[in-house]
Amino acid sequence: QVQLVESGGGLVQAGGSLRLSCVASGRTFSSDAMGWFRQAPGKEREKVAAITPNGRTDYAGSVKGRFTIYRDNAKNTVYLQMNSLKPDDTAVYYCAAARDRRQIGLSEYEYDYWGQGTQVTVSS
């Protein structure tokens, strides 16, 4: 059974940092594009960052320069380092994998596997 399990969310003050982790199991994800998405209350889900199997990255404009996505294929894990957090970053953050896809810029509909999400709350 394929699973993505996120961790590392929590409550942090504005300006603080968090690192989210997503551990994949059930198959090898080294050939998959991986992404982080988020959904705030009353808003649509949006892509935050993505990384291809060979490490090419892409970020939403709202997080560029503050967030960093990276992966450790040996551990089947993708991370999202979030710095200089703002209250607008408050959302449930989801990890996703696009099976055997090597491109950047995939839409959320092109991702095959999703985690259950981890809550990030940034207080002002």
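See the structure above.
About the thresholds
Residues numbered from 1 in each chain as written. Predicted model: local features only at pLDDT ≥ 70, side-chain atom pairs only at ≥ 80, totals over all residues. Heavy atoms only, no water. 1 Å grid on protein atoms, 1.4 Å probe; cavity = no way out; pocket = protein on both sides within 12 Å on 5 of 7 lines; lining within 4 Å. Points joined across faces, edges and corners; volume = space filled by probe spheres on them. Nonpolar A, V, L, I, M, F, W, Y, C, P; charged D, E, K, R; others polar. Salt bridge = Lys/Arg side-chain N within 4 Å of Asp/Glu carboxyl O. Buried < 20%, exposed > 50% of the residue type's maximum accessible area, 1.4 Å probe, protein only. Helix = DSSP H or I, 4+ residues; strand = E, 2+ residues; numbered from the N terminus. Pairing = 2+ DSSP bridges. Axes fitted to C-alpha atoms, helices over the stretch in contact; angles between N-to-C directions. Disulfide = S-S within 2.5 Å.

Asker: In this structure, what is going on with the layout of surface pockets? I would like to understand it.
Answerer: Over the atoms, a rolling probe the size of a water molecule traces out where space has been left empty. A volume near 170 Å³ is recorded for the largest pocket. In terms of lining, the largest pocket is formed by 13 residues, of which the most central are Arg38, Lys43, Glu46, Asp88 and Asp89. By residue class, the composition of the lining of the largest pocket is 2 nonpolar, 3 polar and 8 charged.

Asker: Where do I start with the pattern of salt bridges in this structure?
Answerer: Between side chains of opposite charge, a pair can form as their charged atoms come close. A complete count under the given rule lists 8 salt bridges for this structure. Two residues, arginine 38 and glutamate 46, come together in a salt bridge whose shortest N-O distance is 2.6 Å. Judged by its relative accessible area of 33%, glutamate 46 is partly exposed. Here arginine 45 and glutamate 108 are joined by a salt bridge, their closest N and O atoms 2.8 Å apart. Taken as a pair, arginine 45 in the loop between strand E4 (33-39) and strand E5 (46-51) and glutamate 108 in the loop between strand E9 (91-98) and strand E10 (113-114) lie far apart in primary sequence, 63 residues in all. Within the structure, one salt-bridge network assembled from shared partners comprises Arg38, Glu46, Arg66 and Asp89.

Asker: Looking at this model, I keep getting lost on the sheet that holds strand E7 (residues 67-72). Mind explaining?
Answerer: The pairing of strands in a sheet happens through backbone hydrogen bonds and is either parallel or antiparallel. Ordered by their spatial adjacency, 4 strands build an open sheet running E1-E3-E8-E7, and the pairing between neighbours is antiparallel. Either end of the sheet is taken by a strand with one partner, and the two such strands are strand E1 (3-7) and E7. Between one strand axis and the next, the sheet turns by 15 degrees as a mean value, whatever way the strands run. Where strand E3 (residues 18-25) meets strand E8 (residues 77-82), 6 bridges bridge the pair, whose relative direction is antiparallel. What sits directly across from cysteine 22, in E8, is valine 78.

Asker: How should I be thinking about the state of the cysteines in this particular structure?
Answerer: Think of a disulfide as a covalent bridge from one cysteine sulfur atom to another cysteine sulfur atom. By the definition in use, this model includes 1 disulfide. A sulfur-sulfur distance of 2.1 Å marks the disulfide that ties cysteine 22 to cysteine 95. The chirality of the disulfide connecting cysteine 22 with cysteine 95 is left-handed, given an S-S dihedral of about -75 degrees. Remark: cysteine 95 occurs in strand E9 and cysteine 22 occurs in strand E3; sequence separation between them is 73 residues. Taking relative accessible area as the criterion, cysteine 95 reaches 0% and is therefore assigned buried.

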